[in-house]
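# Remarks on the overall topology
In case you want the letters, here they are:
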Amino acid sequence: MNYKYIGKTGLRVTDICLGTMTFGTTTNKEEAFKIMDKAYERGINFFDTAEIYPVPPTADLGGLTEEIVGEWLKTKPRESVILASKVAGAASGWFVPPTRHGLTAIDSFHIKRAIEGSLKRLQTDYIDLYQMHWPDTIVPIEESLKAFDELVKEGKVRYIGTSNDSAYGLTKANEASKYNNLARFESIQNNFSLLNPRFLDELSTICRKEQISLLPYSPMAGGVLSGKYNAGFYPEGARFSSYIQNKNKRVQAMANRFVNDKTMAATAKYMDLAKKLGMSPVTLAVAWSKQHDFVASTIIGARELVQLDDSLKALDITLDNNTLDEIKIIQNDILYPMG
């Protein structure tokens, strides 16, 4: 098992992390326990959740995932698990979360409300990595960091991170922490995959220079890289099969971003490459993600226990230079399939 440190922290994590966003909706509690048990038994020590989970987020189900994770956590030695969670982003952004009646903000009040709720649901007295789920466009980052810093001083949180952030946002937050002597974001959790390599453009440089770790989510591009959408139809029960029919324009836009002519063409090439290498395209996708030097741990997900196997196989795989070169050729041939 390989371990890496997150940022400049004492958090030594496995290079694969188990995400939990479907626990409570498409994945019931019994299946979620099986998935977490299997990951733990395989040696995974890093688990990621959020106060807004499960997805799709609703006011009545928000927090259910943390309750499931918390119940499972009681069956394991607490210090054997590196636990990450998130405070919901602000209602001023691209998405209005149903948490706290749709009035969330990354200010002191909401951050402290959120942490108390998460600690209770997770049945623990501390969270190892507490993350801002997405930036607040109104509240000054200095105010947000001060509130996070207080949680660290109180011992409720060991370290903090951000998510869905930009190069500007991460840099500004990092500098604000330096000048105000506040706890800094040690990690950034952003979308990063074979179909969405944009993190390599600017953010990877910041992570390398400042020793901040990427925790990539959606390494399989929402399941697209499995090839299940390449049969010419939308498979029943698949996420984007329902998203494409959703009347919400934001949801439709997300589906079109993940499933379009360019992503299908690129996925077909990755499927051919994976077949040549004798592995699943899922294994190839996760292995590529975790191999970058600025990545501490790649977040995988599974709705069913059987889906976990191909992702976990990537733990034992290091892609050679020839394979990496073939991937670069595909990415140069079909630039930015997800836009």
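Quick note: structure is the one above.
In what follows, the accompanying structure is described. (Residues numbered from 1 in each chain as written. Predicted model: local features only at pLDDT ≥ 70, side-chain atom pairs only at ≥ 80, totals over all residues. Heavy atoms only, no water.)

Here we take up the overall build of the chain. Looking only at helices and strands, the chain has twelve helices and ten strands in total. Scaling as 2.2 N^0.38, a compact globule of 339 residues should have a C-alpha radius of gyration of about 20 Å, and the chain matches this with 19 Å. Sorting the 339 residues of the chain into buried and exposed places 55% on the buried side. Side-chain charges of the chain comprise 40 positive and 40 negative groups, with the mean position of each set lying 1 Å from the other. (Helix = DSSP H or I, 4+ residues; strand = E, 2+ residues; numbered from the N terminus. Rg over C-alpha atoms; globule rule 2.2 N^0.38 Å. Buried < 20%, exposed > 50% of the residue type's maximum accessible area, 1.4 Å probe, protein only. Lys, Arg positive; Asp, Glu negative; His and termini not counted. Charge placed at Lys NZ, Arg CZ, Asp CG, Glu CD.)

This brings us to helix H6 (residues 203–210). For the α-helix, the turn length of 3.6 residues means that residues three or four positions removed from each other point alike. Every buried residue belonging to H6 is among Leu203, Ser204, Ile206 and Cys207, and all of these are buried. Along the long axis of H6, the arc covered by the buried residues comes to 160°, so they all point the same way. The elements touched by buried residues of H6 are helix H5 (167–180), strand S8 (185–189) and strand S9 (213–214). Taken from the residues just after H6, Gln211 is the one with a positive phi, measuring 55°. (Arc of directions from axis to C-beta. Contact = heavy atoms within 4.5 Å.)

A few words on the sheet that holds strand S4 (residues 46–48). Strand order in the open sheet made by the eight strands is S9-S8-S7-S6-S5-S4-S3-S10, with parallel pairing throughout. Where the open sheet ends on each side, the last strands, each with one partner, are S9 and strand S10 (298–300). Against the sheet, helix H3 (residues 108–122) contacts strand S5 (82–87), strand S6 (127–132) and strand S7 (157–163), and its axis sits at roughly 140° relative to S6. With respect to the sheet, helix H4 (residues 141–154) is in contact with S5, S6, S7 and S8, its orientation differing from that of S7 by roughly 150°. (Pairing = 2+ DSSP bridges. Axes fitted to C-alpha atoms, helices over the stretch in contact; angles between N-to-C directions.)

Glancing now at the side chain of Thr298. With respect to the secondary-structure elements, Thr298 resides in strand S10. A polar atom in the side chain of Thr298 sits 3.4 Å from the backbone nitrogen of Lys290. The residues contacting Thr298, other than those within four sequence positions of it, are Asp15, Ile16, Cys17, Pro216, Pro219, Val286, Ser289 and Lys290. (Polar contact = N/O pair within 3.5 Å; in protein donor to acceptor, adjacent residues only side chain to side chain.)

Among the seven residues that make up S7, five are buried, leaving the element largely enclosed by the rest of the structure. Direction of pairing for S6 relative to S7: parallel, over a ladder of five bridges. Looking at the pairing, Ile127 lines up with Val157 of S7. Between the parallel pair S7 and S8, the chain is carried across by H5, and the sense of this crossover is right-handed. (Right-handed = clockwise from strand over helix to strand, strands pointing away.)

With respect to the element layout, Arg42 can be found in the loop between helix H1 (29–41) and S4. Judged by its relative accessible area of 32%, Arg42 is partly exposed. Taking the C-alpha atoms as reference points, Arg42 and Ser193, 151 residues apart in sequence, are found 23 Å from one another. Apart from the residues lying within four places of it in its own chain, the contact partners of Arg42 are Met1, Leu312, Leu315 and Asp316. A polar atom in the side chain of Arg42 sits 2.8 Å from the side chain of Asp316.

Under the criterion given, the structure shown has 23 salt bridges. We note a salt bridge from Lys38 to Asp309, for which the minimum N-O separation is 2.4 Å. Of this pair, Lys38 sits in helix H1 while Asp309 is found in helix H11 (residues 308–312), placing the two residues 271 residues apart along the sequence. For Lys38, a relative accessible area of 27% puts it in the partly exposed group. Notably, a salt bridge pairs Glu210 with Lys178, separated by 3.1 Å at the nearest N-O pair. Taken as a pair, Glu210 in helix H6 and Lys178 in helix H5 lie far apart in primary sequence, 32 residues in all. Overlapping salt bridges bring together Arg78, Asp128 and Arg158 as one network. (Salt bridge = Lys/Arg side-chain N within 4 Å of Asp/Glu carboxyl O.)

Turning to the side chain of Ser144, a few remarks are in order. With respect to the helices and strands, Ser144 occurs in helix H4. Taking the relative accessible area as the measure of exposure, Ser144 reaches 1% and is therefore buried. Separated by 2.6 Å, the side chain of Ser144 and the backbone oxygen of Ile106 make a polar contact. When residues no more than four places from it in sequence are discounted, the contact partners of Ser144 are Ile106, Ile111 and Val139.

Let's shift gears to the nonpolar core. With 88 residues, the main nonpolar core has Met36, Tyr130, Phe148, Val224 and Tyr270 as its most contacted residues. Examining the composition of this core, we find that six residues originate from one element, helix H10 (residues 281–290), more than from any other. What Met36 contacts, discounting residues up to four positions off in sequence, is Leu18, Phe23, Phe47, Ile68, Val69 and Trp72. Residues Leu11, Phe46, Ile82 and Ala296 belong to the second largest nonpolar core, which totals eleven residues. (Core = buried A, V, L, I, M, F, W, Y, C linked by side-chain atoms within 4.5 Å.)

Take unusual backbone geometry next. A cis geometry characterises the amide bond from Tyr53 onward to Pro54, with omega recorded as 15°. Inspection of the secondary structure puts Pro54 in the loop between S4 and helix H2 (64–73). Note the cis peptide between Val55 and Pro56, where omega equals -5°. Relative to the helices and strands, Pro56 is located in the loop between S4 and H2. For Gln123, which is not a glycine, the phi torsion comes out positive at approximately 55°. Within the fold, Gln123 resides in the loop between H3 and S6.

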